[in-house]
Amino acid sequence: MATAFDYPSPARSGSTAQAAGLNMIPTEPIGSLPRPATLIEAVERGDAEDARLDQLYDAAIRDTIQRFEATGSPVITDGEQRKYHNFWTYCVHGLSNTAPDGFKIPFAAGHTRRMPRLTAGPFRYKRYADSYLEVAKRYATVPIKQAVISPSALSLMYPVEGIPDYSRGEFIDDLLAEHELEIRRCFDKGAHKVQIDFTEGRLAMKVDPSGELLHSFIDLNNLALSRFSREERQRIGVHTCPGGDRDSTHSADVDYSELLPSLFQLRVGNFYIALAGETDRARVLKTIRQYMQPDHRVFVGVVAPIDPHVETAEEVRDRILEAAEYIPVAQLGTTDDCGFSPFSDDTSTTRDTAFAKIRARVQGTALASKALGTV
Ligand SMILES: [Zn+2]
């Protein structure tokens, strides 16, 4: 039976390979990890911003980073331990100019998640994701990436009926400024990459099969991205997935070929695409090959957070070798299909399972790199 010692250490083989001008296939997480039960219980009992919770948050972040680094992942996150309640509304949670009855995301399992509705202008974030990065940097010894929410997701906060004295145009101006500021703050704090979470891309095709909503999302996000230089955009990425909450999806039934041609129009250098959970991976890979551009790096999902089965390193390796038949190795990367717990109270996956899957991703990527001759 294989043991951890059978796999090349990414750190060791990476440095040897770099000396020879070769590199491991890049591998990065998406973002979230399940929160410790003690933290979830404490948050449920009171206000998540309560200063007494600081110690629990801090312990969760420290433990997450230690365990993350122990997987050998060359790039890590803070597991979004402090993104309260979720990846979507962390920056606006608690704003006084909102009401709780906003846009609803329906999941296949039957439950919904709801976002706040804006009731008055001006629109400002309550907090920026670089505040999480700042804490994570205290504990990490390897590069940290930071995920932020897309302008298109937050645009759903503006009500269809409008807001008196605050036009949609004014809202969009404020939204784009806040998003740009958040990304720049993350870069200033030393983020390895900034990943824009765009789960609503695939969902948009379900809500509006005409494609109009998706195109408006792409245009809006490109307006924000056009504020960055080409070099900066090579450090920005976008994540797409069919959703992942309580082991359930919101748009897995939407054909990727409805989304990917538009997705690759986004002006970013990196694409983090859920793939492991797809029923026909070869077909998706063919579409990726058709629409990706020469300056893109495509990180394909090689482990599925909503599948309880822990992938083996060999399974991951084989998925990467399959992807390499369609994507040039120099443009290939690997990732998780999604965060392991995008909503903070989701306990459908344990921390142990999440880290075991991350370890499989890292070890499988090392095996594939060896098989493909990149190390
Ligand atoms: Zn996702």
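Predicted, not measured: the structure shown is a model, and the values here were computed from it. (Residues numbered from 1 in each chain as written. Predicted model: local features only at pLDDT ≥ 70, side-chain atom pairs only at ≥ 80, totals over all residues. Heavy atoms only, no water.)

Some details on helix α12 (residues 313–324)
Consideration 1: Over its 12 residues, α12 extends 16 Å from the first C-alpha to the last, a length consistent with the 16 Å expected when each residue adds 1.5 Å.
Consideration 2: Those residues of α12 lying buried are A313, V316, R319, I320 and A323. Down the axis of α12, the buried set is contained in an arc of 125°. They therefore lie on one face.
Consideration 3: Taken together, the buried residues of α12 touch α11 (281–291), β9 (297–303), β10 (332–336) and α13 (351–372). (Helix = DSSP H or I, 4+ residues; strand = E, 2+ residues; numbered from the N terminus. Expected span 1.5 Å × (residues − 1). Buried < 20%, exposed > 50% of the residue type's maximum accessible area, 1.4 Å probe, protein only. Arc of directions from axis to C-beta. Contact = heavy atoms within 4.5 Å.)

Details of the pairing of strand β8 (residues 270–273)
Consideration 1: Neither face of β8 is left uncovered, since the one carrying N270 and Y272 and the one carrying F271 and I273 both have all their residues buried.
Consideration 2: By the bridge criterion, 4 bridges tie strand β7 (residues 236–240) to β8 in an arrangement that is parallel. Bridge pairing in β8 places T240 opposite I273.
Consideration 3: For the crossover that starts at β8, traverses α11 and ends in the parallel β9, the hand is right-handed. (Pairing = 2+ DSSP bridges. Right-handed = clockwise from strand over helix to strand, strands pointing away.)

Digging into empty space enclosed by the protein
Consideration 1: Scanning the entire structure with this criterion turns up 3 cavities of 30 Å³ or more.
Consideration 2: Its boundaries defined by the atoms lining it, the largest cavity holds a volume of some 150 Å³.
Consideration 3: Contributing to the lining of the largest cavity are 20 residues, with F87, T199, C241, C338 and P342 lying nearest its centre.
Consideration 4: For the lining of the largest cavity, a count of residues per class yields 10 nonpolar, 7 polar and 3 charged. (1 Å grid on protein atoms, 1.4 Å probe; cavity = no way out; pocket = protein on both sides within 12 Å on 5 of 7 lines; lining within 4 Å. Points joined across faces, edges and corners; volume = space filled by probe spheres on them. Nonpolar A, V, L, I, M, F, W, Y, C, P; charged D, E, K, R; others polar.)

A word on the environment of T353
Consideration 1: Relative to the assigned elements, T353 resides in helix α13.
Consideration 2: Along the chain, T353 and L53 lie 300 residues apart, while their C-alpha atoms are 25 Å from each other.
Consideration 3: If we ignore the near neighbours within four places in the chain, the residues touching T353 are P308 and V310.

Brief notes about the environment of V362
Consideration 1: With respect to the helices and strands, V362 occurs in helix α13.
Consideration 2: A residue is classified by how much of its surface remains accessible, and V362, at 1% relative accessible area, is buried.
Consideration 3: The sequence separation of V362 and T27 amounts to 335 residues, and the corresponding C-alpha distance is 6.9 Å.

Section: the sheet that holds β9
Consideration 1: Across the sheet, which stays open at both edges, the 6 strands sit in the order β5-β6-β7-β8-β9-β10 with parallel pairing between neighbours. Taken across any chain shown, the strands that pair with only one partner, and hence form the sheet edges, are β5 (146–149) and β10. Geometrically, the sheet is characterised by an average inter-axis angle of 30° between neighbouring strands, direction not taken into account.
Consideration 2: In this sheet, β9 lies alongside β8 in parallel orientation, the contact comprising 4 bridges. Counterpart to F271 in the pairing with β9 is V298. (Axes fitted to C-alpha atoms, helices over the stretch in contact; angles between N-to-C directions.)

Topic: the nonpolar core
Consideration 1: Counting residues in each nonpolar core, the largest one holds 93 residues, and the members touching the most others are F123 and I288.
Consideration 2: With 7 residues, the top contributor of residues to this core is helix α6 (residues 168–188).
Consideration 3: Not counting chain neighbours up to four residues away, the residues in contact with I288 comprise L260, F264, I273, V298 and I327.
Consideration 4: A42, V43, L53 and Y84 belong to the second-largest nonpolar core, a separate cluster that totals 8 residues. (Core = buried A, V, L, I, M, F, W, Y, C linked by side-chain atoms within 4.5 Å.)

Some remarks on the coordination of the zinc ion
Consideration 1: Bound to the zinc ion on the protein side are H239 (NE2), C241 (SG) and C338 (SG), at distances that span 2.2 to 2.3 Å.
Consideration 2: Going along the chain, you hit the donors of the zinc ion in the pattern H-x1-C-x96-C. Placement of H239 in strand β7 and of C338 in the loop between β10 and α13 is noted, with a sequence separation of 99 residues between them. The same class applies to H239 as to C338, namely buried. (Donors = N, O, S within 2.8 Å, 3.2 Å for Na, K, Ca; no water.)

Brief notes about the pairing of β9
Consideration 1: By the criterion of burial, β9 is predominantly enclosed, with 6 of the 7 residues buried.
Consideration 2: Direction of pairing for β9 relative to β10: parallel, over a ladder of 5 bridges. When the sheet's bridge partners are listed, V300 is paired in β10 with T334.

As for the side chain of Q195
Consideration 1: Relative to the helices and strands, Q195 resides in strand β6 (residues 194–197).
Consideration 2: Ignoring any residue separated from it by four or fewer positions in sequence, one finds Q195 in contact with P29, I30, K145, Q146, A147, V148, G237, H239 and Y272.

What to know about the environment of P342
Consideration 1: With respect to the helices and strands, the residue P342 is situated in the loop between β10 and α13.
Consideration 2: When its relative accessible area of 7% is taken as the criterion, P342 is described as buried.
Consideration 3: It is 24 Å that separates the C-alpha atoms of P342 and R297, two residues lying 45 residues apart in sequence.
Consideration 4: Among residues more than four places away in sequence, those in contact with P342 are S32, H85, N86, F87 and G244.

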